[in-house]
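Understanding the architecture of this molecule
Residue-level listing of the chains:
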Amino acid sequence: MNITNDIKPVTYLKSRAAELLNQINETHRPVIITQNGEPRAVLQDPKSYENMRNAIGLLKLISAGETDVREGRVVGHDDVFDTLEDDLKAAMK
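Only a predicted model underlies this, so the values are computations on that prediction, with no experimental measurement involved.

Helix and strand counts for the protein chain stand at four helices and three strands. Helices and strands in the protein chain line up, N terminus first, as β-α-α-β-β-α-α. For 93 residues, the compact-globule formula gives about 12 Å, and the C-alpha radius of gyration of the protein chain, at 24 Å, lies well above that figure. With respect to the principal axes defined by its C-alpha atoms, the protein chain has extents near 70 × 30 × 20 Å. Counting over 93 residues, the protein chain shows a buried share of 11%. Within the protein chain, counting contacts between residues at least 6 apart in sequence, those at least 24 apart form 27% of the total.

Take a look at the structure:
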């Protein structure tokens, strides 16, 4: 991937918005929009954005789990299943 092809000035966006949207949706590569030579925004197709958000969500869950393990906030699987079994038996009475 050559990221320099995916950096466009805001004037390019203004004059060729439809073409740029087609490129993004076909290649699934984000495009960085610059203003006065500085990066100001990133355009991305909806599916790639959704995938990125899902990946970030999973990474947050993994990080929280690792913190729980480090801080000793864990329960053994035998205890979990015993509790579930007891709860199910109580619910069926």
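We are not done yet, so read on.
Close approach of charged atoms allows side chains of opposite charge to pair. Across all of its chains, the model carries four salt bridges by this definition. Among the ionic pairs, Arg73 bridges to Glu71, the shortest N-O distance being 2.4 Å. By relative accessible area, Arg73 is classed as partly exposed at 48%. Residue Glu85 is joined to Lys89 by a salt bridge in which the shortest nitrogen-to-oxygen separation is 3.2 Å. Pair noted here: Glu85 and Lys89 are both in helix H4 (residues 77–92), with a separation of four residues, about one helical turn. Judged by relative accessible area, which is 48%, Lys89 ranks as partly exposed.

Let us now look at a nonpolar patch on the surface. Residues Val75, Val80, Phe81 and Leu84 make up a contiguous nonpolar surface patch of about 370 Å² in total accessible area. In this fold, Val80 is placed in helix H4.

Using the criterion set out here, one finds zero aromatic pairs in the structure. Above the plane of the ring of Tyr12 lies Lys8, whose end atom (NZ or CZ) is 4.9 Å from the centre.

On to the nonpolar core. Among the nonpolar cores identified, the biggest contains five residues, and these are Tyr12, Leu20, Ile24, Val31 and Ile33. Every element with two or more residues in this core is listed here: helix H2 (17–27) and strand E2 (31–35).

So, on to the pairing of E2. Bridge analysis of strand E1 (residues 7–9) against E2 gives three bridges, and the strand direction is parallel. Opposite Pro9, over in E2, you have Thr34 as the bridge partner. Note: E2 against strand E3 (residues 38–43), five bridges, orientation antiparallel. Bridging across to E3, Thr34 finds its partner in Pro39. Hairpin geometry of E2 and E3 is characterised by an intervening segment of two residues between the two adjacent antiparallel strands and by a positive phi of about 55° at Asn36.

The rules behind each value
Residue positions are given per chain, counting from 1 as you read along its sequence in written order. The predicted nature of this model means local features are confined to residues of pLDDT at least 70 and side-chain atom pairs, given and counted, to a pLDDT of 80 or more, with totals for whole chains, interfaces and linings taken over all residues. Where side-chain values are given, they derive from all heavy atoms of the structure, hydrogens and water being excluded. Numbering of helices and strands starts at the N terminus; helices are DSSP runs of H or I of at least 4 residues and strands are runs of E of at least 2. C-alpha atoms define the radius of gyration in this analysis, and the globule rule sets the expected value at 2.2 Å times the number of residues to the power 0.38. Relative accessible area decides the class of each residue, using a 1.4 Å probe on protein chains only: under 20% of the type maximum gives buried, over 50% gives exposed, and in between gives partly exposed. Contact definition: two residues touch when any of their heavy atoms are within 4.5 Å. Note on definitions: salt bridges are taken to be side-chain nitrogens of Lys or Arg within 4 Å of carboxyl oxygens of Asp or Glu. Patch membership requires more than 30% relative accessible area and the absence of a salt bridge. Residues of like charge join within 9 Å; the nonpolar side chains Val, Leu, Ile, Met, Phe, Trp and Tyr join within 5 Å. Note on areas: Shrake-Rupley, 1.4 Å probe, and residue coverage restricted to the protein chains presented here. Planes of paired rings set the category: under 30 degrees apart is stacked, over 60 is edge-to-face and the rest tilted, where pairs are Phe, Tyr or Trp rings (Trp by its six-membered ring) whose centres lie within 6.5 Å. Either the NZ atom of lysine or the CZ atom of arginine qualifies as a charge over a ring when it sits within 6 Å of the ring centre and within 35 degrees of the ring normal. Residues belong to one nonpolar core when they are buried, are Ala, Val, Leu, Ile, Met, Phe, Trp, Tyr or Cys, and are joined through side-chain atoms within 4.5 Å. Note on pairing: two strands pair once DSSP finds at least 2 bridges between them.

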